[in-house]
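Topology and contacts: notes
As a plain string of letters, each chain reads:
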Amino acid sequence: MKQAFLKLLSDEFRAYYDLPLSERHKREQKRQYINGLMVASRLFGVSFEELDKVAKQSHSQHASAPGNTRQYSPAELDYLDIPAFIRNQHKVSSDKAQ
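All values derive from a computational prediction rather than experimental measurement.

Let us now look at the environment of Arg-14. If you trace the backbone, Arg-14 turns up in helix α1 (residues 2–18). Residue classification places Arg-14 among the partly exposed positions, given a relative accessible area of 41%. Distance in space between the C-alpha atoms of Arg-14 and His-59 is 8.3 Å, their sequence separation being 45 residues.

This is the structure in structure tokens:
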């Protein structure tokens, strides 16, 4: 199940990067969907490292795709807005620290 999810996530990253920059609304929807997938993945044991690996691989594959002659700015190739608790590897709990 985990491998199938990681493939789905990779495919969604690819679809996101394939969207033209001019289609901001579609890109934002896809970004939110991917973020939701990453948050939900923590419920079935996908590690921070696995999420980071998929994000980085998808990013580098897009930037180095054959026939891709367009120059991308760093802002265009961000890894998306990875949820902070995943990016920073914080544990999420219902207990509030005092």
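Attention shifts here to the nonpolar core. Within soluble globular proteins, side chains that are nonpolar tend to cluster in buried spots. Counting residues in hydrophobic clusters, the biggest one holds 13 residues, and the most contacted among them are Phe-5, Leu-9, Phe-13, Ile-34, Met-38 and Leu-51. Residue assignment for this core shows that the elements contributing at least two residues are α1, α2 (24–41) and α3 (48–63). When residues in this core are grouped by element, the largest group, 6 residues, is from α1.

Turning to α2, a few remarks are in order. With 18 residues, α2 ought to run about 26 Å at 1.5 Å a step, and its terminal C-alpha atoms sit 25 Å apart, in line with that. Residues Arg-27, Ile-34, Asn-35, Leu-37, Met-38 and Ser-41 constitute the buried set of α2. Here the buried residues of α2 occupy an arc of 155° about the axis, which is enough to place them on one side.

So, how was this worked out
All chains use their own residue numbering, which begins from 1 and follows the written sequence. At least 70 in pLDDT is required for a residue's local features to be given in this predicted model, at least 80 for side-chain atom pairs to be given and counted, and no such filter applies to totals for whole chains, interfaces and linings, which use all residues. Only heavy atoms go into the side-chain values, all of them from the structure, while hydrogens and water stay out. Strands are runs of DSSP state E lasting at least 2 residues, helices are runs of H or I lasting at least 4, and numbering of each runs from the N terminus. Note on classification: 1.4 Å probe, protein chains only; a residue is buried when its accessible area is under 20% of the maximum for its type, exposed when over 50%, partly exposed between these limits. Residues belong to a common nonpolar core when they are buried Ala, Val, Leu, Ile, Met, Phe, Trp, Tyr or Cys residues joined through side-chain atoms within 4.5 Å. What a helix should span is 1.5 Å times the count of its residues minus one. Arc, as used here, means the arc of the directions from the helix axis to the C-beta atoms.

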